[in-house]
Amino acid sequence: METRKSSQRHPRYSDIPADGGGEHRKLLHDMGNELGVALGVAELLSESNELPAAARQGLHTIMEAIYRADELRSSVTLRNTNLVDTANLLTCQSAVLELIARKAPLSATLARLASGMEQHLPGTHCSILLLNSDTCRLYHGAAPTLPDSYTSEIDGMAIGPVAGSCGTAAYAGKPVIVSDILVDERWNAFRDVGMRHGLRACWSSPVISPRSSDVLGTFAVYHSTPHSPSVEERVVVERFTHLAAVAIEHHRLFSELHESEERFRSAFTHAAIGMALADRDGRLIHVNAALCTDTGYDVDDLHSTHVSDLISGDGAADVRAAVRRLVVGTSSSYLKVHEYRHADGTLRCATVVISPVKDSEGHTRFVCLQLRDITDRLRIEREMRAREAAERANLVKSEFVSQLSHEMRTPITAVLGFAELLTHGGLPADDATDCAQHIVDAAEYLERLIDDTLCMTHADAGRLPIRSEAVDLLEVVEDSLTLTRSLAGANDVALRVAPGGECLVTGDRQRSRQVLVNLLTNAIKYNRPGGLVTVRTEPAGEFVRLTVEDTGRGIAPADLPHIFTPFQRAGVQPGDPPGHGLGLAVAKKLVTAMRGRMDADSELGSGSRFWVDLPRHDDARAKAPGAGRPPRIPAQRRGDHSVVLYLHGDLHSIDAVVEAQRVRPRIRLRCVYQFYGEVEELIGFERPDLVVIDLDDSEWSRSLPHLVRRHPLTADKPVVCLTDTPAAALADDLGAPHFLRNPVELSELLEIFDRELPVAGEANTT
């Protein structure tokens, strides 16, 4: 019978360390020792030739029994060892997790982890290095049994493809196994330091973040002899490496949280603006020094105060509602300017910002209040705006005075020049008359300029006398057309009144007429020969709009914003009529003073449209929607006045006609100078009681009496013709019963007026 060799099956102490684990482990250890002694004695006796064959056979049987006992013991040892190792691993893991939960220093947690690995793998040295991702270097984390001199020499090592076991594992992101440092090229740079410290084998695994998959460091196991890890050892190292990742990641997260809390605490405490934390009910639980300074209250006064209690007036309810929205999550932030009451009783102004502070699950835990006092800033801004406005006013005033002096210098120079010519004498009568007329024209220009300037300054100072009365825009239109019709005829421009709606506004009758005359004058002067000026009125909400539209050359878009600027004659061209550039500026100020508005639009080459909105009168507002206005009654038909329509082409008899109106107040005179429009339209608008026609030699002029006679409104009205031609030569041709020679005498004209337009009880004042 073949005997098994003791070298193959001899029980070894290394199978079960004597200090390994409890009573069962010690018992198995002692059993192994006893079986070893018995087997040794049996082997020695079996080799002796002095014993009988039967005795030697008995010894072989005993040896077989010892072998079987040893196998049974080994089986029990293996099972017990696995149970003990598992228990040890669980104990180590629990200890590490407890350290993590207690927020112990990372170095202590990693040291406990390395010690647990060294206990599980006796005779090994464990090391944990931490990777700095900014520098790509590994730094000491824990190495309980490695010499300090070794850890110091490798501390701060750079990672790379041939940087030892740890540097290479961190670089590649996967485990690196070096079974013999002496022959592995990856240890070329570190071989000497490893050999000096008795290290011969090392395998290292990268510590991977479970959150981001980034490399956090390395977990290494060293041996003093060449060694390759078994499958069981690799599994255990993998588990310990994962536990190291949890510890490092947890430490980093809590470090970041701690830093964030410290930053917030520092910012909150030392912030220059008032800050407070409130609970979900809006009650203040933490306040900083700046909030106490801004409000004048101390910490105890503010504690448990509701956020809205800091705000004055209606803003408090708004803030309370904002806090509720932030707590339930229907709003993300709140920002408004509110007044708040200081502890000294004064009202101050602040920007109020309220935002939620949420937990990890997105629920609002607190409400953060920021209160920035802006009282002083607003005061400074008001002062700056006032100063800038004063500076602009001074600049505008300086420019105004400069432009005004320029506008006045030209007519004054003309007055002085022509006056000097008259003073020296010796001028022919015609030249002297021309000089005098130039002086009169210049004086009239200065008078208008001064009037407009005074109007501007009074309007700017709020001292412009404005009446608030019911004004019928139709009357204003009629009066303004009468004053400008002669100018329209001289420029070959037709005037038209478009059908409109309501005309009753609240304003100043005289100022309204002043504005409209200015707009009509401009529309005529800057129109084209044969052009048209249209006036219309129409409702515009709470206003009545008066529009003057022309068919002139229009205003360039770049000039349009400047048309209401004093002395800015936007778009003026050579040959344009003279002007001082104050008309539109004065008109707009008058409209503004009447609580109206004025503006314009224009299309270059097609014409311009100016519009004025004046407030509707209460009587107009009281009308039912859609109610029509009473039929338009021309102004000349109101009261007991008689209307005289005077169509004239020169100024031969104008003085006599105007004087006739003065001495006969019952006469309302409508003078139309060089009228070339539609006679029928004019008669329909004016509805005259008597027509005076100043005839010249043109066929158009000589046809006017026939046109007047054919019109149903003037067919039976008296017609007076003023002419240089003897009446006998014209009576039959023109069919007019009254002819007077130019220049007409006042007495002759009054005689006809009194006869054709009699009024009972009126005496002849001639």
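Everything discussed here concerns the structure shown above.
Residues numbered from 1 in each chain as written. Predicted model: local features only at pLDDT ≥ 70, side-chain atom pairs only at ≥ 80, totals over all residues. Heavy atoms only, no water.

Asker: I'd love a proper account of the pattern of salt bridges, names of residues and values included.
Answerer: One pass over the structure, following the stated rule, counts 19 salt bridges. Across the pair Arg-196 and Glu-153 runs a salt bridge, and its minimum N-O distance is 2.7 Å. Of this pair, Arg-196 sits in helix α7 (residues 191–196) while Glu-153 sits in helix α5 (residues 148–154), placing them 43 residues apart in sequence. The partner of Arg-513 in a salt bridge is Asp-479, with the nearest N and O atoms 3.6 Å apart. One end of the pair, Arg-513, is in helix α15 (residues 509–525); the other, Asp-479, is in helix α14 (residues 473–490), with 34 residues separating them in the sequence. Under the relative-accessibility criterion, Arg-513 is labelled partly exposed at 24%. Residue Asp-479 is classed as partly exposed on the basis of its relative accessible area, which comes to 24%. What you see here is one network of salt bridges that share partners, running through Arg-348, Asp-373, Asp-376, Arg-379 and Glu-383. (Salt bridge = Lys/Arg side-chain N within 4 Å of Asp/Glu carboxyl O. Helix = DSSP H or I, 4+ residues; strand = E, 2+ residues; numbered from the N terminus. Buried < 20%, exposed > 50% of the residue type's maximum accessible area, 1.4 Å probe, protein only.)

Asker: Quick one: what's the story with a nonpolar patch on the surface, residue by residue and with numbers?
Answerer: Together, Leu-182, Val-183 and Met-195 make up an exposed nonpolar region whose accessible area comes to about 270 Å². Take Leu-182: it is sitting in the loop between β4 (176–178) and α7. Given the relative accessible area of 41%, Leu-182 is considered partly exposed. (Patch = residues over 30% accessible without salt bridge, like charges linked within 9 Å, V, L, I, M, F, W, Y side chains within 5 Å. Areas by Shrake-Rupley, 256 points an atom, 1.4 Å probe, with all protein chains shown as cover.)

Asker: Give me the lowdown on the state of the cysteines, citing residues and values where you can.
Answerer: On inspection of all chains with the given rule, the structure shows zero disulfides. Cys-126 forms no disulfide, and the closest cysteine sulfur to it belongs to Cys-202, at a distance of 9.8 Å. (Disulfide = S-S within 2.5 Å.)

Asker: Outline the nonpolar core, supporting the account with residue identities and numerical values.
Answerer: Counting 38 residues, the largest nonpolar core has Leu-519, Val-533, Val-548, Met-598 and Phe-610 as its most contacted members. Ala-142, Val-207, Leu-216 and Val-237 belong to the second-largest nonpolar core, a separate cluster that totals 26 residues. (Core = buried A, V, L, I, M, F, W, Y, C linked by side-chain atoms within 4.5 Å.)

Asker: How would you summarise the sheet that holds strand β7 (residues 274–278) if you had to cite specific residues and measurements?
Answerer: Strands sit in the order β8-β7-β11-β10-β9 across an open sheet of five strands; the sheet is antiparallel. The open sheet has two free edges, formed respectively by β8 (284–287) and β9 (334–341), since each of these has just one partner strand. On average, adjacent strands in this sheet sit at an angle of 30° to one another, irrespective of strand direction. Pairing of β9 with strand β10 (residues 347–358) involves eight bridges; the strand directions are antiparallel. Residue Val-337 lies in a different strand from β10, and its bridge partner there is Thr-351. Those strands touched by helix α8 (residues 231–270) are β7 and β8, and its axis lies near 125° from that of β7. (Pairing = 2+ DSSP bridges. Axes fitted to C-alpha atoms, helices over the stretch in contact; angles between N-to-C directions. Contact = heavy atoms within 4.5 Å.)

Asker: Tell me about unusual backbone geometry, residues and numbers included.
Answerer: Positive phi, close to 60°, is recorded for Cys-136, a residue that is not glycine. Its relative accessible area of 39% is what places Cys-136 among the partly exposed residues. One non-glycine residue, Ser-213, lies in the positive phi region at around 65°. Structurally, Ser-213 can be placed in the loop between β5 (201–208) and β6 (215–223). Residue classification places Ser-213 among the exposed residues on the basis of a relative accessible area of 57%.

Asker: I'd like a rundown of the sheet that holds strand β1 (residues 125–132), residues and numbers included.
Answerer: In a beta sheet, neighbouring strands pair by backbone hydrogen bonds and run either parallel or antiparallel. Read from one edge to the other, the open sheet built from six strands follows the order β3-β2-β1-β6-β5-β4, with strand pairing classed as antiparallel. Each having just a single partner strand, β3 (157–158) and β4 make up the two edges of the open sheet. Relative to β6, β5 runs antiparallel, the two being bridged by eight bridges. The residue bridging Ser-205 from the neighbouring strand is Phe-219, located in β6. Those strands touched by α8 are β1, β4, β5 and β6, and its axis lies near 45° from that of β5.

Asker: Tell me about the packing of α14 against α15, and name the residues and values.
Answerer: Following both chains from N to C, one finds α14 and α15 inclined at 35°, their axes separated by 9 Å at the closest point. Considering the relative orientation of α14 and α15, their crossing is right-handed. Contact residues: Glu-475, Val-476, Val-477, Asp-479, Ser-480, Leu-481, Leu-483, Thr-484, Leu-487 and Ala-488 in α14; Arg-509, Ser-512, Arg-513, Leu-516, Val-517, Leu-520, Thr-521, Ile-524 and Lys-525 in α15. Here the residues of the contact of α14 with α15 sort into 10 nonpolar, four polar and five charged. (Left-handed = near helix turned anticlockwise from the far one by under 90°. Nonpolar A, V, L, I, M, F, W, Y, C, P; charged D, E, K, R; others polar.)

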